[in-house]
Amino acid sequence: MDNCDLEKLSVSVGKLLPAFTPQVTDYRVTVESNVNKVSLKLITSDCGASYNILCGDGSSTINLNDGLTRVDIEVIAEDGTVKKYCVEITKLSAKVAALSDLALDGDIPRNPAFCTKIYEYNSVVPFHCNAVTLLPKVPDRNIKVAVNQGESSQPVPLNYGDSVVEISVRSADGSNSQVYTLLVTRELIPMAVTFTDGKQQLDYECPVSLTAFYRPISIKHSDPKHIFSRPYIEMLARRSKVDPLSDGPLGDGWKVVEMDLDRKMSDALVKCFFNYRGCVSEMKLSELASHSLDCPHRPTGELDAKDVTETDWYKKHFASSSCLEIDTKHTLEVRNWEKRLQITEGKDSVEELCASAQDHLKFYRQRLPKPGDVLQYEEGQSPLYSLEQAAVLHASAIRLSSREARLHFLLGLSLEEQHYATEMYGLSRKADRGRDELSDAKSTARQDDILAVCKLHGFLGRPTVENQLQALDKEYQQLRDQGQSGRADYVQTLYIWLSKKSGKDSSAAVRDEGSGLHRALMKYLDAWEAAAAAGEGGEALQHLQSGLALRPLHPALRFFTGLALLHQEQKASEDTEKEAALLLHQGLEHFVRQRCSKSRVEQDPSDPLSSRSTQFLRGLLTLGQLQQKHTLSLQAMSAEQVYHIVAVLSAQSVSQCVCRGEAVVQLEWVLLDAHFALLQRLIQDQAGMERQSLVAKRCQALTALIRLASIAPCQELLDMQERVCQLAVLTTPRDSPALCLLGRAQLAQYDNNPNSERSKEALRDACLSFQASIELEHKTLSGEPLEQLTKQKWWQERQERQEQQEAANQKAAKPSISQPVGVKGPSDTGGARRGAKQSRGGPAPIRGGRAAQPAARAPAARGRAGAAAKPDRSAKPSTSITKPQLPTSSSQQEGQSNTVKAAEEPAVDDTVIASGPMNRSSHVSRLGLARALTRSADTQERARQLYQEVIAMAPGVHDAYIELVQLLEECDPQAAVEVYCRFPLKPVAEQSFEDAFITGEIVRLLMALELYDHLLLGPSLVAYGKVMGLSCLEKYIDILDDKCMTKLLMSVYAKINDRPEDDQEMLDFFKFKCWI
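Keep in mind it's a predicted model, so treat the numbers as computed, not measured.

1. Brief notes about the overall build of the protein
Part 1 of the argument: The helix and strand inventory of the protein stands at 36 helices and 20 strands.
Part 2 of the argument: Burial status across the protein gives 51% buried among its 1076 residues.

Shown next, in the form of structure tokens:
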């Protein structure tokens, strides 16, 4: 009697949402623009009930207009009970041009979530994906959709990097249209690309990774265009807001996306990755990745156990099972820090604890920050918190089963990952942030103390790490001789701290018992001990060989065993080198196979063959050195291919790091080593204009990387930079930019130790190089080297060695092509090789004070501090005449390339025959020459003139104003003020911190001269206060208050707060300050 439900409700057109059920009363339906009527079909649950349609004329046929039509249905039961249903019918307008959804075939994710009124989307696809198919949906079938002006169902071919897909939507009546865009980005191919055309190899090579541009970006207004792969230029721009190649400031909107270049490059022909294995296929760059997955020459991953079991060491030590037992100095124990990790968990099952730990590790990897992310997390949401919880759970599992080797190993992985989380991703616990700030303050204080000691011993400015250690050693000896043991102990502490901080690998962190790496090592050794005790079972080599004997097909064990074989002797035998090279190469091929796979996922942190592992990358550099001697010849990568892979992997890893910790510095060293090794190999090729251009390009790129690296200035970097610049000049002696870079490197050598015997020669050569660079402006690259170059000592020594070589060749009566002989190689100087960031540009004065010796910023040599350079004796003697090489430091293989070998010089005649482009004029050479001239009191006036020229040529270069003012301030402070007043300041809202430095200096000078009525004092106070904060103005406000400059103060305060002076709150504040 009281049943007033509908049993059925349906519409003739469209679909009810939600699906009909009697209990739900509200529904909606959308119909297309060509639908004018909709019929409702209604049946009541009770035959005695009735219904009324409260819309239009009450019939079941509803006439529709564009937009919303609301239809109410009243159902009346027999007893008079009433229930209302509502159907909202939306008729689409024929003028609507919109999508209802946009998806990609294959469930490829798209960001952001689709919304009709959001028109720009992006998506990342695997590197092997050549094309995507879009699945656009429209609310009205009469709406027309085109994808890139073609059929929407057709696959869209993708470029190598970015592809912009346009989805054009036209309304049913054709009156309106809308374009949606989807940016599809392919993941980066984890291998170096080789173009079939030599010119394309030159044109399409990224200066950082030395492979094909990935998502290329050029720097606005650079001429010729300076193009980089997007991840690498964004990384460099975060470090210094300058063009890496020209050192000019990056202006607003400096990024120019080179989509046409990406498209053109994607169509260029390249060789297969596996051409060294016999593949001769050539394909478009955009098709390279997919080809590599199906290439018949792709490494199979099958390893032969005989490569291990047939070795002498295996037969000697592991031929019988009884030989697998080895002595270890490690004892399995529970340490105090491990006890603190162990908790009383509700779970009593080891497997449950491990499963929970894996969940935390998965969450950690999902939440890892990317470059540019803000590191702010809610309580318990930080990736580091998840990582720590995983360690706690593994430690708790060990408490339940302390003899299970797997658990110790898993805890070691979690602890090691904590090191990378801190050093590469900048993660820290909230409770430790205050402690970290205190630690940073303590580090700064120690560095200040070290610089003070350096100053006492004649090392001015910012000495290299080697000079800092030398000064500390002298100070320590003096204090000990004077009986000041307390101060001597503190200096010794500084020495130890600096030595640890400046290591080139992670060995110092491993030795530090409080570090995560040391604790991880302890757990790995615990795992070994537990496994040995369970019968699963020297030091590194013995452990690796034992592991390989147990698992001869394990690629990582093979790789690191090969590395350890080379380190067991000072000079490995030829057989040992072949055996090691084979094992290293097999590990590399396994890595390549894993990375070039459809099933590839993010790298497993537990995999030792990881691109972020410095030990793995340095092992590849060692393989490259072995391949330079053609240690492996059959189906093996060449030295160049290995070095290229290292450059690609290290560049990727550095660009993915969020912060600039020790791990980043180690990766940067690997990147520089790979660059330098490739430069050496390139120079050994036969001459040609393409090769000369490529040498010049790579020299310029390597110099830029050295300048912008996080590595602390050290002799190794200084020497590397100078050698690279000399090689560039030898390749093209009349290249103005190359001579400028050489001048900067020579000036950095002078600034490193102005009191050394070589300092005068370095300063003289620097001035000559800058002068030659300036003189060659607007002149062709062809012609004879300038006198300013031929007068330099290193060039003259090169000429003498070349003449001696030619004489020896003639005496031997053997036809040969003479080669110029090398620049003198640096001595081994490797006492400390990494550290803090260097300042931008060339040597520059310290801002905010008197002129100071600029920080030397350049490259260097590796090895023991003070050791003399020795030629490489590893090469076999040959009866044939070989190309003379630069002297090299003695090579000690310690899991990495510890010695930067000097490059062989290019064959260059004194006269360059080939014509080339004209040299352009640049302010950089004049700025460098001005800096060099400031080092001598006799040339200060000429330096001032050059600074004025720089300002005229490049008005936005901050350093020119700052350094000129430091020359003028003591003798003519009024002129110093006028120099700063010429700087073209932007509007206050757009000013950077560097601009604020200029306005701050104007304020400082005007206040010192008591020019309180100067027209620029008020605007400068406002600009400086707005950028740096009012607290920076307190001392000046106090002075102006004492001088009763109340009108000026009121104006400044009002403008900083963006309020008129007669604002009531401002007036109240002025009254409080007694200014009115």
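Now that the structure has been shown, we can carry on.
2. Quick notes on the sheet that holds strand β16 (residues 216–219)
Part 1 of the argument: If you walk across this open sheet you meet the three strands as β17-β16-β18, and the pairing is antiparallel. In this open sheet, the two edge strands, each paired with only one partner strand, are β17 (227–229) and β18 (255–257). If you compare each strand with its neighbour and ignore which way they point, the axes differ by 40 degrees on average.
Part 2 of the argument: Bridging between β16 and β18 involves three bridges; their strand directions are antiparallel. Looking at the pairing, Ile219 lines up with Lys255 of β18.
Part 3 of the argument: Sheet strands touched by helix α2 (residues 230–239): β16, β17 and β18. Its angle to β17, the strand with the most contacts, is close to 100 degrees.

3. With respect to the packing of aromatic side chains
Part 1 of the argument: In this structure the tally under the stated criterion is 18 aromatic pairs.
Part 2 of the argument: Note on Phe273 and Phe274: the rings are 6.3 Å apart at their centroids and 85 degrees apart in plane angle, and the pair reads as edge-to-face. Here Phe273 and Phe274 have matching classes, each one buried.
Part 3 of the argument: Between Tyr961 and Phe983, the ring centres sit 5.0 Å apart and the planes meet at 85 degrees, which makes this aromatic pair edge-to-face.

4. Let's talk about the environment of Asp252
Part 1 of the argument: Mapped onto the elements of the fold, Asp252 is located in the loop between α2 and β18.
Part 2 of the argument: Once the C-alpha coordinates of Asp252 and Lys220 are considered, the two residues, 32 residues apart in sequence, prove to be 9.0 Å apart.
Part 3 of the argument: Ignoring anything within four residues of it in the chain, the contact list for Asp252 reads Lys220, Lys986 and Glu990.

5. With respect to the packing of α2 against helix α20 (residues 639–656)
Part 1 of the argument: In contact at an axis separation of 9 Å, α2 and α20 are set at 50 degrees when each is read in the N-to-C sense. It follows from the interaxial angle that α2 and α20 lie oblique. As α2 packs across α20, the resulting crossing turns out to be left-handed. Counting all contacts with α2, which are made through Pro231, Tyr232, Met235, Arg238 and Arg239, the residues of α20 involved are Val648, Ala651, Gln652, Val654 and Ser655.
Part 2 of the argument: Residue classes in the contact of α2 with α20 are distributed as six nonpolar, two polar and two charged.

6. Structural notes on α2
Part 1 of the argument: Counting buried positions along α2 gives seven out of ten residues, so the element sits mostly inside the fold.
Part 2 of the argument: The complete set of buried residues in α2 reads Arg230, Tyr232, Ile233, Met235, Leu236, Ala237 and Arg239.

7. Points about the sheet that holds strand β9 (residues 120–125)
Part 1 of the argument: If you trace the four strands from one edge of the open sheet to the other, you get β9-β15-β14-β12, paired in mixed fashion. With one partner strand each, in any of the chains shown, β9 and β12 (144–147) form the two edges of the open sheet. In this sheet, adjacent strand axes meet at a mean angle of 20 degrees when their direction is disregarded.
Part 2 of the argument: Across four bridges, β12 lies against strand β14 (residues 162–170) in antiparallel orientation. The residue bridging Lys144 from the neighbouring strand is Arg170, located in β14.

8. Considerations on helix α4 (residues 285–294)
Part 1 of the argument: In terms of residue burial, α4 counts as a mostly covered element, since eight of its ten residues are buried.
Part 2 of the argument: Those residues of α4 lying buried are Leu285, Ser286, Leu288, Ala289, Ser290, His291, Ser292 and Leu293.
Part 3 of the argument: Elements that come into contact with the buried residues of α4 comprise β15 (177–186), α3 (259–266), β19 (269–271) and β20 (282–284).

9. Some thoughts on the pairing of β9
Part 1 of the argument: Judged by which residues are buried, β9 turns out to be one-sided: Tyr121, Ser123 and Val125 face inward and are buried, whereas Glu120, Asn122 and Val124, on the alternate face, are not.
Part 2 of the argument: With six bridges joining them, β9 and β15 adopt parallel strand pairing. Among the inter-strand pairings, Val124 is bridged to a residue of β15, identified as Thr185.

10. Quick look at the confidence of the model for the protein
Part 1 of the argument: Mean pLDDT over the protein stands at 79; residues scoring 70 or higher make up 80%.
Part 2 of the argument: Mean pLDDT in the protein bottoms out at helix α14 (residues 507–511), which sits at 56, and peaks at β17, which reaches 95.
Part 3 of the argument: Note that residues 534–538 has pLDDT below 50 and, in this model, eight contacts with residues that lie over four places away or in other chains.
Part 4 of the argument: A low-confidence stretch, residues 816–903 stays under pLDDT 50, and its non-local contacts, those more than four residues away or across chains, total 307 contacts.

11. A few points about unusual backbone geometry
Part 1 of the argument: The omega torsion across Leu17 and Pro18 is -5 degrees, close enough to zero to call that bond cis.
Part 2 of the argument: Although it is not a glycine, His630 sits at a positive phi angle of roughly 55 degrees.
Part 3 of the argument: The residue His630 is located in the loop between α19 (614–628) and α20 in this model.
Part 4 of the argument: Residue class for His630 comes out exposed when judged on its relative accessible area of 60%.
Part 5 of the argument: The backbone of Cys1074 shows a phi angle near 65 degrees, a positive value even though the residue is not glycine.
Part 6 of the argument: With respect to the element layout, Cys1074 can be found in the segment after α36 (1064–1072).
Part 7 of the argument: On the accessibility criterion, Cys1074 (65% relative accessible area) is exposed.

12. Quick word on the pairing of strand β7 (residues 82–91)
Part 1 of the argument: Note that strand β2 (residues 26–31) and β7 share six bridges and pair parallel. The residue of β7 that forms the bridge with Val31 is Lys91.
Part 2 of the argument: Taken together, strand β6 (residues 67–76) and the strand that follows it, β7, pair antiparallel across an intervening segment of five residues, in which Gly80 is found at a positive phi of about 95 degrees.

13. Looking at the pattern of salt bridges
Part 1 of the argument: Per the counting criterion, the structure on display carries 37 salt bridges.
Part 2 of the argument: Arg681 serves as the salt-bridge partner of Glu640, at 3.1 Å between the closest nitrogen and oxygen. Taken as a pair, Glu640 in helix α20 and Arg681 in helix α21 (residues 662–683) lie far apart in primary sequence, 41 residues in all.
Part 3 of the argument: For Glu640, a relative accessible area of 26% gives the class partly exposed.
Part 4 of the argument: Residue Arg681 is classed as buried on the basis of its relative accessible area of 14%.
Part 5 of the argument: Between Lys1026 and Asp1058 there is a salt bridge, with its nearest N and O atoms 2.9 Å apart. With Lys1026 in helix α33 (residues 1017–1028) and Asp1058 in the loop between α35 (1046–1056) and α36, this pair connects stretches of sequence that are 32 residues apart.
Part 6 of the argument: Of the residues examined, Lys1026 reaches a relative accessible area of 33% and is grouped as partly exposed.
Part 7 of the argument: Assessed through its relative accessible area of 60%, Asp1058 is described here as exposed.
Part 8 of the argument: One network of salt bridges, with partners in common, ties together Glu777, Arg926, Arg942 and Glu949.

Reading guide: rules and limits
- Residues numbered from 1 in each chain as written.
- Predicted model: local features only at pLDDT ≥ 70, side-chain atom pairs only at ≥ 80, totals over all residues.
- Heavy atoms only, no water.
- Helix = DSSP H or I, 4+ residues; strand = E, 2+ residues; numbered from the N terminus.
- Buried < 20%, exposed > 50% of the residue type's maximum accessible area, 1.4 Å probe, protein only.
- Pairing = 2+ DSSP bridges.
- Axes fitted to C-alpha atoms, helices over the stretch in contact; angles between N-to-C directions.
- Contact = heavy atoms within 4.5 Å.
- Phe/Tyr/Trp six-rings, centres within 6.5 Å; stacked < 30°, edge-to-face > 60°.
- Parallel < 35°, antiparallel > 145°, perpendicular 65-115°, else oblique.
- Left-handed = near helix turned anticlockwise from the far one by under 90°.
- Nonpolar A, V, L, I, M, F, W, Y, C, P; charged D, E, K, R; others polar.
- pLDDT = per-residue confidence, 0-100.
- Salt bridge = Lys/Arg side-chain N within 4 Å of Asp/Glu carboxyl O.

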